[in-house]
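So you can see what is in the structure, the chains are spelled out below.
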Amino acid sequence: MSSKRGRKNIYQNDDERKEARRKQQREYRIRKKNELEELRKFKEDNQNK
C-alpha cells in the first residue's frame, strides 16, 4: 500500500476544479469592475472641485 504524498486534493475531479476557477474569475472581474467604477466617480468628483 503506497501512501500519497503532498497536499490533499480540494476538488474531486477536473470539472469541479474548472467550475470553481470560472466562479472565482467571474467574481474577480465583477469586483475589479466595481473598483474601477468607484475610481472613475472619485476622479470625476475631484475634477469638479
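This one's a predicted model, so the numbers in the text were calculated from it and none came from an experiment.

Here is what the cut-offs are and how they apply
- As a convention, each chain's residues are numbered from 1 in the sequence order in which they are written.
- Side-chain atom pairs in this predicted model are given and counted only at pLDDT of 80 or more, local residue features only at pLDDT of at least 70, and totals for whole chains, interfaces and linings cover all residues.
- Excluding hydrogens and water, the side-chain values take into account all heavy atoms of the structure.
- Secondary structure elements are defined from DSSP: runs of H or I of at least 4 residues count as helices, runs of E of at least 2 residues count as strands, and each element is numbered from the N terminus.
- The accessible surface values rely on the Shrake-Rupley method and a 1.4 Å probe; as for residues, cover is taken only from the protein chains in view.
- The sign given to each residue is positive for Lys and Arg and negative for Asp and Glu; His and the chain ends receive no count.
- A charge is said to be at NZ when it belongs to Lys, at CZ for Arg, at CG for Asp and at CD for Glu.
- A helix is expected to span 1.5 Å multiplied by its residue count minus one.
- In the analysis that follows, any N or O atom pair within 3.5 Å is treated as a polar contact, provided that within protein one partner can donate a hydrogen and the other can accept it, and provided that, for residues neighboring in sequence, both atoms belong to side chains.

**Q** Can you explain the overall build of the chain? Please cite residues and give values.
**A** When helices and strands are counted, the chain shows one helix and zero strands. Overall, the chain is about 75 × 20 × 5 Å in size when its C-alpha atoms are taken along their principal axes. For the chain, the computed accessible surface area is about 5800 Å², with 46% contributed by carbon and sulfur atoms. Positive and negative side-chain charges of the chain, numbering 18 and 10 respectively, have mean locations separated by a distance of 6 Å.

**Q** An account of the environment of Gln 47 is needed here, citing residue identities and associated values.
**A** Here Gln 47 shows up in helix 1 (residues 14-47). When the C-alpha positions of Gln 47 and Leu 36 are compared, they lie 16 Å apart, and in sequence the two are eleven residues distant.

**Q** Account for helix 1, naming residues and giving values.
**A** A rise of 1.5 Å per residue sets the reference length of helix 1, with its 34 residues, at 50 Å; its end C-alpha atoms lie 49 Å apart and thus fit the reference within 8%. For helix 1, the side-chain oxygen to backbone nitrogen distance between the N-cap and Asp 15 is 3.4 Å, and the N-cap itself is Asn 13.

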